[in-house]
Structures are given as C-alpha cells and as structure tokens.
Amino acid sequence: MLDLLLEPGVGAHDWRASARGFSANHGAIEPFQHPALESFAVASPAEILIVTRERCADLTQVSGRARHIPHVSRERLEEIAAE
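Computed from a predicted model, the values in this text were never measured in an experiment. (Residues numbered from 1 in each chain as written. Predicted model: local features only at pLDDT ≥ 70, side-chain atom pairs only at ≥ 80, totals over all residues. Heavy atoms only, no water.)

Novice: Looking at this model, I keep getting lost on the pattern of salt bridges. Mind explaining?
Specialist: In total, this model carries six salt bridges according to the counting rule given. Linking glutamate 38 and arginine 53 is a salt bridge whose minimum nitrogen-to-oxygen distance equals 2.7 Å. Here arginine 53 lies in strand S6 (residues 48-54) and glutamate 38 lies in strand S5 (residues 37-43), a separation of 15 residues in the sequence. For glutamate 38, a relative accessible area of 4% gives the class buried. In this structure arginine 53 comes out as buried when scored by relative accessible area, which is 12%. (Salt bridge = Lys/Arg side-chain N within 4 Å of Asp/Glu carboxyl O. Helix = DSSP H or I, 4+ residues; strand = E, 2+ residues; numbered from the N terminus. Buried < 20%, exposed > 50% of the residue type's maximum accessible area, 1.4 Å probe, protein only.)

Novice: So what exactly am I meant to see when it comes to unusual backbone geometry here?
Specialist: In this model, asparagine 25 sits at a positive phi of 50°, which is unusual for a non-glycine residue. Here asparagine 25 is to be found in the loop between strand S3 (21-24) and strand S4 (27-31). Here asparagine 25 falls in the exposed class, since its relative accessible area comes to 57%.

Novice: Help me understand a nonpolar patch on the surface in this model?
Specialist: Nonpolar side chains collect at one region of the surface, where Leu2, Leu4 and Leu6 lie side by side and expose about 300 Å² of accessible area between them. On the secondary structure map, leucine 2 appears in strand S1 (residues 2-5). You can call leucine 2 partly exposed: its relative accessible area is 39%. (Patch = residues over 30% accessible without salt bridge, like charges linked within 9 Å, V, L, I, M, F, W, Y side chains within 5 Å. Areas by Shrake-Rupley, 256 points an atom, 1.4 Å probe, with all protein chains shown as cover.)

Novice: I'm lost on the sheet that holds S1 in this one. Help?
Specialist: Strand pairing in a sheet takes place through backbone hydrogen bonds and is either antiparallel or parallel in direction. Judged by pairing direction, the sheet is antiparallel, and its four strands sit side by side in the order S1-S4-S3-S2 without closing on themselves. Here the strands that pair on one side only, and so sit at the sheet edges, are S1 and strand S2 (16-18). Shown here is a sheet whose adjacent strand axes are inclined to one another by a mean of 20°, direction ignored. Pairing of S1 with S4, which is carried by four bridges, proceeds in the antiparallel orientation. Considered in S4, the bridge of leucine 2 is made with proline 31. (Pairing = 2+ DSSP bridges. Axes fitted to C-alpha atoms, helices over the stretch in contact; angles between N-to-C directions.)

Novice: What is the right way to read the side chain of threonine 52 from this model?
Specialist: Along the chain, the position of threonine 52 falls in strand S6. Within the structure, the side chain of threonine 52 is placed 2.9 Å from the side chain of serine 39, a separation counted as a polar contact. (Polar contact = N/O pair within 3.5 Å; in protein donor to acceptor, adjacent residues only side chain to side chain.)

Novice: Please explain the pairing of S6 as it appears in this structure.
Specialist: Residues in a regular strand point their side chains to alternate faces of the sheet. Counted residue by residue, S6 has five buried out of seven residues, so it is predominantly covered. Where S5 lies against S6, seven bridges are found, and the strand directions are antiparallel. Residue pairing in the sheet places leucine 37 in a bridge with glutamate 54 of S6. From the end of S5 to the start of S6, which pair antiparallel, there are four residues.

No statement about biological role is implied by the geometric values presented.
Next comes the structure, spelled out in structure tokens:
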C-alpha cells in the first residue's frame with residue numbers, strides 16, 4: 001500500500017505533503033491511491049505518523065490532500081494511531 005524511499009537523519013519537521021503523498025529531502029512516501037482509501041499524516045515535535053487505511057465514518061478524518069502536515073501533541077498522535 002505504500003512506496004517508501006527513506007533516508008537517515010530526516011526529522012518529523014522535514015516532511016511535507018506532496019501531490020503523490022509525503023516527501024522530505026530526497027525521501028518520499030507514496031500511498032496507493034484508491035477511492036476506498038484515505039491517507040494522511042500528522043506530526044508531533046519528534047515523530048511523524050503516516051496513515052493509509054480504509055475510509056470509515058467512525059474514524060478521525062484528516063485530509064490527505066492538505067498542503068501541510070498538521071502538528072499535534074504526542075498524546076494526540078498516539079490517539080490517532082490507536083484508532
């Protein structure tokens with residue numbers, strides 16, 4: 001579901017939303033695009049969470065098409081990850 005190109009030393013603050021997913025320096029994460037899936041990212045000061053999952057009305061909706069990656073507390077990032 002994900003194409004990954006990761007490089008060492010990239011921090012949560014380096015990641016940006018891109019047309020095909022998320023990018024940082026020369027790295028990229030490109031989720032599989034399908035109408036039944038949603039992809040989004042949130043970042044805490046030290047971590048980034050990138051989610052690709054089946055769309056579901058009961059879960060937190062975060063736009064995967066946003067031009068920025070929302071920054072949240074570590075606690076909120078963990079809540080989203082647990083959904």
